[in-house]
Amino acid sequence: MSSVFEPIKPRTAPIKTEGLIPWIRTNLFGGWSSTAVTLVLMALAVYLVPRLLDWAVFKAVFAANADACQAARGIGACWGVIVEKFRLIIFGRYPYEDQWRPEIATALLVALLIVSCIRRFWKPWLAVLWIVVVPLFFLLMGGGWFGLEPVSTDQWGGLPLTIMLATFGIVLAYPIAIVVALGRRSNLPAIRSLCIVYIELIRGVPLISVLFMASFLFPLFMPVGKTPDVLLRVLVGITLFSAAYLAEVVRGGLQAIPKGQVEAAQSLGLSYWQTQRKIVLPQALAMVVPGIMNSFIAIFKDTSLVTIVSLYELTGAMSLALNSDAEWRPFKIEGYLFIAFIYFIFCFAMSRYSLWIEHQLGRSRTR
Amino acid sequence: MADPIISFEKVNKWYGNNFHVLRDIDLFVAAGERIVICGPSGSGKSTLIRCINRLEEHQEGTIRVDGVELTDNIKAIEQVRKEVGMVFQQFNLFPHLTVLENLTLAPMWVGKTPKAEAEERAMQQLTRVKIAEQAQKYPLQLSGGQQQRVAIARALCLTPKVMLFDEPTSALDPEMIKEVLDVMIELAGQGITMLCVTHEMAFAKAVANRVIFMDQGQIVEENNPHEFFDNPKSERTKDFLSKILGH
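Just so it is clear, the model here is predicted, and its values are computed rather than measured.

Asks: With reference to specific residues and values, describe helix H10 (residues 230–255) of chain A.
Replies: Because each turn of an α-helix spans 3.6 residues, side chains separated by three or four positions end up pointing in the same direction. All names here are of chain A. Taking 1.5 Å per residue as the helical rise, H10 with its 26 residues ought to reach 38 Å, and the 38 Å between its terminal C-alpha atoms agrees with that figure. Judged by how many residues are buried, H10 sits mostly within the fold: 19 of 26 residues are covered. Regarding H10, its N-cap is Asp-229, as a side-chain oxygen of that residue lies 2.8 Å from the backbone nitrogen of Leu-231 further along.

Written out as structure tokens, the structure reads:
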């Protein structure tokens, strides 16, 4: 005797698992310990948030008025300091009347970076754009043509300098890192040793000492008057420093590629460089995107160290702006919060971008 | 034998100083011959065929493939690799490329074939291994049997004279072995020179001209499959056959 299949009608779950209230129940009040933590944190928030808002918004001084700021000291923030010193913080020692030049130059550079990040624009003309924009950046910054006043590089400063150092540091360090990472795995002993020595030497010293050497020690070995520009020396220092760290990140990816991938490429007749370029690197780099972005973000923030050799990038320009003016000197906290906000915007954008890249690359790995 | 396409003369190979993995190998393969190599694990059978496209280098003796001697000369190695296709136990498809891109990579970059032509030829090969509808998928989206068929198609895209198979069915689920063997049997009917390391004895009986049994880096016995299976000469071969056919 055959039985007739009778489907059971779908019912809703007896306890809701989706929606706001179930989410609160499971995540905030999941047990006695998580309930306790939630309550403590809520109490802290109730205590702190109004005070913070009071300081940052309600009792803060927004006008560039030193007396009002002085009166509000300890009670409210003095955002007026940013209004007052904005140009000095953003552009450092760059001559005041020519500050439109770094403004345009930096806008162009940032636009170029944004365009370069978008997949749709990954076409040959993007390379042409780089070849055009990069010299334009330096011509605008440096001047000395078309009646533009020459501005020597030690006067460049603020955000343009930070973005410029980070951009070229990253763009130059990345290919060097890949070559060094490949070199460290080379079968040729000379190349391998060279790469190991380079990486270990650089990793053995702090960035500050590399910058010191680039700035003060290096000129001692050069004939008088023949020393390359200090900005160039510092940029080379940052690049070589970052490349060593990046190289190790890339090597981590290279090591994760199964030997079979290389063998398959070889058995198809691909040369060493074709194998690396088409098979090994695309997979290796995709694997270490988070590590690479870590290094990029570190480079961006490490540019603040060039202040030590008298190049006043964003952090240096901020100190310079406030230290030079006794009236505004007490409001450094607000100044630091402001530049912290700027750093955060850039670093957060980079971190989001790396997530997007990961998502793009992950598509071939989903089953 | 007139003009072998592959010749091994007194070939010796060591891993490091002490592991003597190939010992005095003499082997001549005629064009169009289909050879199955079997033997216990560690007997050097994989190493033997990997020497043919220089994935492994030998230290003594001479190996010639299609008239080219294999030495450190990179040009010669690349020349040989164009003539020799290889299929691996672990498929080794490129996971970041689609199936079609896996197939067109070598023709475009090694063979300098224009993209449209390479894709057309790739689709022919995919049709041949009955997997054309998966061309736009990524390798990891396919089953093991499908991946191995793609790997065979990829090796065929450079129209090699010799095909090497290194345990092509050992990493597959039992159900999928047949679909790969069917493709290999079809290939065997087309006159391509094949060297296949495998334990699929039914396959050996069906397609091989010659079966080679290796142990401890040496060729112990070689014969046509009929003689090899029904009338093995050496005690070692008998012992091996009793183990793999005995159940």
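Once the structure has been displayed, the description carries forward.
Asks: Which residues make up the sheet that holds strand E6 (residues 84–87) of chain B, and what values go with them?
Replies: Residue and element names in this part refer to chain B. Spatial strand order, E6-E7-E8-E3-E9-E10: six strands in an open sheet with mixed pairing. Each edge of the open sheet carries a strand with a single partner, namely E6 and strand E10 (218–223). Each neighbouring strand pair of the sheet contributes to a mean axis angle of 20°, computed without reference to strand direction. Pairing of E6 with strand E7 (residues 162–166) involves four bridges; the strand directions are parallel. By the bridge assignment for E7, Val-87 is matched with Phe-165. Where helix H1 (residues 45–52) meets the sheet, its contacts fall on strand E3 (34–38), E6, E7, strand E8 (193–197) and strand E9 (210–215), and the angle it forms with E7 comes to roughly 150°.

Asks: Any chance you could break down the confidence of the model for chain B for me, citing the residues and the numbers?
Replies: Of all residues in chain B, 98% attain a pLDDT of 70 or more, and the chain-wide mean is 92. The ipTM, which scores confidence in the relative placement of chains, is 0.92 for this predicted complex, and the corresponding pTM is 0.86.

Asks: I'd like to hear about the side chain of Thr303(A), residue by residue, with values.
Replies: All names here are of chain A. Position of Thr-303 relative to the elements: it lies in the loop between helix H13 (289–302) and helix H14 (314–323). Classification of Thr-303 by relative accessible area gives buried; the value is 0%. Of note is the side chain of Thr-303, whose polar atom sits 2.6 Å from the backbone oxygen of Phe-300. Not counting the four nearest positions on each side in its chain, Thr-303 is found in contact with Thr-162, Leu-165, Ala-166 and Glu-313.

Asks: Help me get a handle on the layout of surface pockets, residues and values and all.
Replies: Over the atoms, a rolling probe the size of a water molecule traces out where space has been left empty. The calculated volume of the second largest pocket comes to roughly 1300 Å³. Forming the boundary of the second largest pocket are 32 residues, of which Asn187(A), Val262(A), Gln266(A), Tyr272(A) and Gln276(A) lie nearest the centre. The set of elements that each furnish at least two residues to the lining of the second largest pocket consists of helix H7 (158–184), helix H11 (259–267) and helix H12 (272–287) of chain A together with helix H2 (74–83) of chain B. With five residues, H12(A) is the largest single contributor of residues to the lining of the second largest pocket. Taken together, the residues of the lining of the second largest pocket sort by class into 15 nonpolar, seven polar and 10 charged.

Asks: Tell me about the state of the cysteines, and name the residues and values.
Replies: Residues and elements named next belong to chain A. Scanning all chains against the criterion turns up one disulfide over all chains. Each disulfide pairs two cysteine sulfurs, and for Cys-69 the partner residue is Cys-78, the sulfurs being separated by 2.0 Å. Its torsion about the S-S bond being 75°, the disulfide of Cys-69 and Cys-78 is classed as right-handed. In this structure, Cys-69 and Cys-78 share a single accessibility class: buried. Between Cys-117, a cysteine without a disulfide, and Cys-347, which holds the nearest cysteine sulfur, the sulfur-to-sulfur distance is 14 Å. For Cys-117, a relative accessible area of 28% gives the class partly exposed. With a relative accessible area of 12%, Cys-347 lands in the buried category.

Each value, and the rule that gives it
- Residues numbered from 1 in each chain as written.
- Chains lettered and ligands numbered in written order.
- Predicted model: local features only at pLDDT ≥ 70, side-chain atom pairs only at ≥ 80, totals over all residues.
- Heavy atoms only, no water.
- Helix = DSSP H or I, 4+ residues; strand = E, 2+ residues; numbered from the N terminus.
- Expected span 1.5 Å × (residues − 1).
- Buried < 20%, exposed > 50% of the residue type's maximum accessible area, 1.4 Å probe, protein only.
- Polar contact = N/O pair within 3.5 Å; in protein donor to acceptor, adjacent residues only side chain to side chain.
- Pairing = 2+ DSSP bridges.
- Axes fitted to C-alpha atoms, helices over the stretch in contact; angles between N-to-C directions.
- Contact = heavy atoms within 4.5 Å.
- pLDDT = per-residue confidence, 0-100.
- 1 Å grid on protein atoms, 1.4 Å probe; cavity = no way out; pocket = protein on both sides within 12 Å on 5 of 7 lines; lining within 4 Å.
- Points joined across faces, edges and corners; volume = space filled by probe spheres on them.
- Nonpolar A, V, L, I, M, F, W, Y, C, P; charged D, E, K, R; others polar.
- Disulfide = S-S within 2.5 Å.

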